[in-house]
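# Survey of secondary and tertiary structure
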Amino acid sequence: MKRHICIHGHFYQPPRENPWLEEIEIQDSAYPYHDWNERISTECYAPNTASRILNAHRKISDIVNNYTKISFNFGPTLLSWMERNAPGVYRAIVVSDKISLERFGGHGAAMAQAYNHMIMPLANSRDKRTQVIWGIKDFEFRFGRKPEGMWLPETAVDVESLELFAEFGIKFTILAPHQAKRIRRIGEADWQDITEERVDPKMPYLCKLPSGNSISFFFYDGPVSRDVAFQGLLNNGETFAQRLLGAFPEASSEPLLENIATDGETYGHHHKLGDMALAYCCHYLDKQKLARVTIYGEFLEKNPPKWVAEIHENSAWSCAHGVERWRSDCGCNTGLNPGWKQKWREPLRRALDLLRDRMIPLYEKEMQNFAKAPWEARNAYIEVVLDRSPEQVEKFFKKHLRPNLTAEEKVRCLKLLELQRHAMLMYTSCGWFFDDISGLEATQVLQYAARCLQLTKEMFGVNLDGEFHKILKSAPSNVPELKDGAQIFDIYIRPKVLDLFRVGVHYAVSSIFENYPPEAEIFCYHAHRDSLEEHKKGEEKLIIGRARIRSQVTWEELPITFAVLYLGKHNLRGHISAVMEEKEFTEMRKQLKEDFVKNNMRILLEGAEKYFGAESYSLWHIFKSVQGKVLNQILEPALDEIRYLFRHIYEHHYPVMQAKQGLRISLPRTLATTVEFVLNRDLLELLDSDILDLELLKRLVEEVKRWSLELDNASLSFAATQKVGALMQQWAQSPENEEALMTAESVFKVLKVLQLNLDRWKAQNIYFSIGKDYLKTMQERSSQGNAKAAQWLAAFQSLGSYLEI
């Protein structure tokens, strides 16, 4: 077949990861212009990206079906998040690549990517090398093979990056058509200048590099890619296919490749049901034998380049001014905020360059004490980033550092390498891409920079904060009250900085509300409890203890002693020390206990200051992600009281309300609100219960219908989604059990009346999987007169209709 089609989807959504917790942060409503930031963040961060892939596909099998037919690349940090938080999607992506190897003659659909989406032409040579090595190693770790192709972040290209790709065996990369400078046929001397996207995207091109190595380019079809991304081409799968076919000339004697590249989220998130258009497009092309759907690696092997291409260095697909979007106010922006300027971009990059360049000699000099080649040690550190188990870290030490390191030296080595990791993370491209330095993306790279500042000061006693801060003052924000980058750093970044002592504060204060086990995991920290005693008197509580807080990233450890007095509600006072000796601890424990028992609170607090100092800590010092949970816990008794009062009113006045309803007289709004509260609460409690009482659910739904109430749709939809997911999971454990199936079907039938916004995705996956494995068998049994199989089939068909399958 002469006509070939390749569709590439690029996924890079960096997680909003707290550098001190190594976890995705909860959205912080304290950020300026929160609505704007949240709107942007839903387009840019890992949890949302995973949910896009989930919501964009009806079934896990749809992901596999589509991703075995298209070329794709995922950012390593995104895949890392998915592996932990969306394992089903993660496995589907990995399986898709394995299946594609069979489909495309040993070539896989997945491509690698430079590690943390750094704009490569703006990076120094060492960082470029590490980005390529880490991207390849991450790919090999996840997909179990060497990558053939590698994605350049934002397709930002320079010769040095291409040299590194070629050095490490990368065969091809993808570029935008406007990045082609000139071309010539292999064996000929005359060059043809290429301007305004006039390069023919239907063939690979060879790039001969100064070193003597070479790499191939695929220039994607710009107009068709834009139509897919922005012009509604995904509204119809056959129209999509015809648009791709229409890009071919009427006749050609050579195999041609029509290839397009867009953000992967285009298919199903940016354009609802776009994944179905993609699936039907591929099906239509295959069934009608109109073109072969392929991937770059297969086409390149069968059709080696016949033309040589040179590129415009320092160019990218998302900036009309080269790579200026990531270092200057070039005019490129999202278009969401007319009139805003991006004069902050240059000072932000200058501030980060200052940190990077000052840290280089510090790192080199110190790391030479532990490794013969400090930068090779950094290149190899990806082995630890991918697996932080103690065994793997020790293996890394043994392989790459000098032998017989002490415990303190191991900590220092890990902190040095973390310094370098964050020195690269702070150059993640989205920090400059959007409209203001107060945005989530820019503040994220500032967090990475803050971690670098902290480690530099801790390890070397070098304080770069003043110079860094001075440069940020010249980075103007478009938000008048925030003024500049320095103020944004002070307001939103400094308070996030954590050390082991602050983790200890969180552990101590939250112990009032959380019953930690002797060995507790707190994000990327481990808390070992040495002792803990608790004294209670009514609502009041006193806890006194000792623990050791250890970072699972740097292996740094800190012993803490603490005493926390809780006076009810949100009133508490915590004291923590990292230097208290055993004798002093024994005295303190005895005195504070006696004062608490005698109710001498003033003397108790004075005693705490005597042993710990005047510094104290409160609820506001625990991690933000836990504060909401604690406050809900504190409010629970008050909510119980309110529930009791509302229920009493509901039950006491029910006959009169029923009489008014029978006479078609509207309830006073106060009573209607009471009924709504009680029934919403009863439904939520029932859906949250371990065993669902189906008859009670039916009665409650009838009550809702009787009173024509406003439901708490969001809360009930979430609870109902969780419950039906659990019921479907129970059925999946014994798929031939018609009772489990009929229970699930009955619950869907009852819930349908409430018109909730159920997320059926998990249930649909289970249904599809069971149907694939058992439907034919049950049909055969039913045809032979098996009554239970007939019941199973009837319930299965009914459940399918409720699941919209």
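Scroll up to find the structure.
In this report, we go over the structure that sits alongside the text. (Residues numbered from 1 in each chain as written. Predicted model: local features only at pLDDT ≥ 70, side-chain atom pairs only at ≥ 80, totals over all residues. Heavy atoms only, no water.)

### Overview of the side chain of Thr 561
Mapped onto the elements of the fold, Thr 561 is located in strand β18 (residues 557-566). Side-chain polar atoms of Thr 561 contact the side chain of Arg 546, separated by 3.0 Å. Setting aside anything within four residues of it in sequence, one finds Thr 561 in contact with Gly 545, Arg 546, His 575, Ile 576, Ser 577, Met 580, Phe 585, Met 588 and Phe 612. (Helix = DSSP H or I, 4+ residues; strand = E, 2+ residues; numbered from the N terminus. Polar contact = N/O pair within 3.5 Å; in protein donor to acceptor, adjacent residues only side chain to side chain. Contact = heavy atoms within 4.5 Å.)

### Some words on the environment of Arg 602
Checked against the element boundaries, Arg 602 lands in helix α23 (residues 601-612). Overall, Arg 602 belongs to the exposed group, its relative accessible area being 58%. (Buried < 20%, exposed > 50% of the residue type's maximum accessible area, 1.4 Å probe, protein only.)

### Focus: the sheet that holds strand β8 (residues 180-185)
Pairing in this open sheet of 6 strands is mixed, and the strands run β7-β11-β10-β14-β8-β9 from one edge to the other. Both outer strands of the open sheet, β7 (172-175) and β9 (192-193), are each paired with one neighbouring strand and no more. The pairing of strand β10 (residues 205-208) with strand β11 (residues 214-219) spans 4 bridges and is classified as antiparallel. Among the inter-strand pairings, Tyr 205 is bridged to a residue of β11, identified as Phe 217. Contacting β7, β10, β11 and β14 (307-311), helix α7 (residues 159-167) runs over the sheet at an angle of about 115° to β11. (Pairing = 2+ DSSP bridges. Axes fitted to C-alpha atoms, helices over the stretch in contact; angles between N-to-C directions.)

### Let's talk about a nonpolar patch on the surface
On the surface, a nonpolar cluster with roughly 240 Å² of combined accessible area is contributed by Leu 635, Leu 639 and Ile 642. Along the chain, Leu 635 turns up in helix α24 (residues 624-652). Relative accessible area serves as the criterion here: at 47%, Leu 635 is assigned to the partly exposed category. (Patch = residues over 30% accessible without salt bridge, like charges linked within 9 Å, V, L, I, M, F, W, Y side chains within 5 Å. Areas by Shrake-Rupley, 256 points an atom, 1.4 Å probe, with all protein chains shown as cover. Salt bridge = Lys/Arg side-chain N within 4 Å of Asp/Glu carboxyl O.)

### Topic: the pairing of strand β1 (residues 3-11)
Here β1 lies mainly inside the structure; 8 of its 9 residues are buried. Summarising the sheet, β1 and strand β12 (residues 256-263) pair through 8 bridges and their orientation is parallel. Among the inter-strand pairings, His 8 is bridged to a residue of β12, identified as Ala 261. Sheet topology places β1 next to strand β13 (residues 292-293); 2 bridges connect them, and they run parallel. Among the inter-strand pairings, Ile 5 is bridged to a residue of β13, identified as Val 293. Bridging between β1 and strand β4 (residues 71-74) involves 4 bridges; their strand directions are parallel.

### Here's the deal with the sheet that holds strand β17 (residues 540-551)
What the 5 strands build is an open sheet, ordered β15-β16-β17-β18-β19; its pairing is antiparallel. Two strands lie at the open edges of the sheet, namely β15 (519-522) and β19 (572-577), each paired on one side alone. Sheet twist, expressed as the average angle between the axes of neighbouring strands with direction ignored, equals 30°. Both β17 and β18 contribute to a ladder of 10 bridges, which runs antiparallel. In the strand pairing of β18, Gly 545 is matched with Phe 562. The sheet strands contacting α23 are β16 (525-537), β17, β18 and β19, and the helix crosses β19 at an angle near 25°.

### A word on the side chain of Arg 378
In this fold, Arg 378 is placed in helix α13 (residues 374-380). For Arg 378, a relative accessible area of 1% corresponds to the buried category.

### Let's talk about the packing of aromatic side chains
If you walk through the whole model with that rule in mind, you get 33 aromatic pairs. In this structure an aromatic cluster arises from ring pairing among Tyr 115, Trp 134, Tyr 381, Phe 396, Phe 397 and Trp 555. Positioned over the ring face of Phe 433 is Arg 325, at 3.5 Å from the centre of the ring. We note Arg 546 situated over the ring of Phe 585; from NZ or CZ to the ring centre the distance is 4.6 Å. (Phe/Tyr/Trp six-rings, centres within 6.5 Å; stacked < 30°, edge-to-face > 60°. Lys NZ or Arg CZ within 6 Å of the ring centre and 35° of its normal.)

### Re helix α18 (residues 440-460)
Relative to the 30 Å expected for 21 residues at 1.5 Å per residue, α18 spans 30 Å between its end C-alpha atoms, a close match to the ideal helical length. Counting buried positions along α18 yields 18 of 21 residues, so the element is predominantly enclosed. Just downstream of α18, Gly 461 is the residue with a positive phi angle, here 70°. (Expected span 1.5 Å × (residues − 1).)

### Some remarks on the packing of helix α19 (residues 465-472) against helix α20 (residues 485-493)
Contact pair α19 / α20: the axes reach a minimum separation of 6 Å and the direction vectors enclose 125°. As far as their axial angle goes, α20 and α19 are oblique. Facing Asp 465, Phe 468, His 469 and Leu 472 of α19, the residues of α20 in contact are Gly 485, Ala 486, Phe 489 and Asp 490. Its residues assigned to classes, the contact of α19 with α20 shows 4 nonpolar, 2 polar and 2 charged. (Parallel < 35°, antiparallel > 145°, perpendicular 65-115°, else oblique. Nonpolar A, V, L, I, M, F, W, Y, C, P; charged D, E, K, R; others polar.)

### Considering helix α27 (residues 694-707)
Helix length check: α27 (14 residues) gives 20 Å between terminal C-alpha atoms against 20 Å at 1.5 Å per residue, within 8%. By the burial criterion, the buried members of α27 are Leu 697, Leu 700, Val 701, Glu 703, Val 704 and Trp 707. Projection of α27 onto a plane perpendicular to its axis shows the buried side chains occupying an angular sector of 155°, all on one side. In this structure, the buried residues of α27 make contact with α24, α25 (654-662), α26 (669-688) and α29 (738-752). One side-chain oxygen at the N-terminal end of α27 lies 3.2 Å from the backbone nitrogen of Glu 695; it belongs to Asp 693. Of the residues one or two after α27, Ser 708 is the one with positive phi, at around 50°. (Arc of directions from axis to C-beta.)

### Looking at the state of the cysteines
Throughout this description, disulfide means a covalent bond between two cysteine sulfur atoms. Enumeration over the complete set of coordinates arrives at 0 disulfides. Among the cysteines around Cys 332, which has no disulfide bond, Cys 330 carries the closest sulfur, lying 3.8 Å off. Overall, the relative accessible area of 12% leaves Cys 332 in the buried class. Left unpaired, Cys 413 is separated from the closest cysteine sulfur, that of Cys 452, by 17 Å. (Disulfide = S-S within 2.5 Å.)

### Overview of the pattern of salt bridges
Between side chains of opposite charge, a pair can form when the charged atoms approach closely. The tally for this structure, following the rule as stated, stands at 53 salt bridges. Measuring nitrogen to oxygen at the nearest pair gives 3.2 Å for the salt bridge that ties Glu 140 to Lys 146. Under the relative-accessibility criterion, Lys 146 is labelled exposed at 63%. For Asp 682, the salt bridge identified is with Arg 647, shortest N-O distance 2.2 Å. Remark: Arg 647 occurs in helix α24 and Asp 682 occurs in helix α26; sequence separation between them is 35 residues.

### Remarks on the pairing of β11
Of all 6 residues making up β11, 5 are buried, and the element is well covered by its neighbours. Where β7 lies against β11, 4 bridges are found, and the strand directions are parallel. Across the sheet, Thr 173 pairs through a bridge with Phe 217, a residue of β11. Hairpin connection of β10 to β11: 5 residues between the antiparallel strands, including Gly 212 at a positive phi of 105°.

### Re the environment of His 8
Within the secondary structure layout, His 8 lies in strand β1. In sequence terms His 8 and Asn 600 are 592 residues apart; their C-alpha atoms lie 71 Å from each other. Once you skip the residues sitting within four places of it in the chain, His 8 turns out to touch Ser 71, Phe 72, Asn 73, Met 111, Trp 151, Ile 174, Ile 260, Ala 261, Thr 262 and Tyr 296. Within the structure, the side chain of His 8 is placed 2.8 Å from the side chain of Asn 73, a separation counted as a polar contact.

### Examining the nonpolar core
Residues Trp 326, Phe 397, Leu 401, Met 426, Phe 468, Tyr 507 and Phe 562 are the most contacted members of the largest nonpolar core, which totals 114 residues. A total of 10 residues in this core trace back to one element, the largest contributor, which is α18. Each residue touching Phe 397, except ones within four places of it in the same chain, is listed here: Leu 405, Lys 410, Cys 413, Leu 414 and Trp 555. Core analysis: the next-biggest nonpolar cluster, separate from the first, contains 49 residues, Val 747, Val 750, Ala 789 and Leu 803 among them. (Core = buried A, V, L, I, M, F, W, Y, C linked by side-chain atoms within 4.5 Å.)

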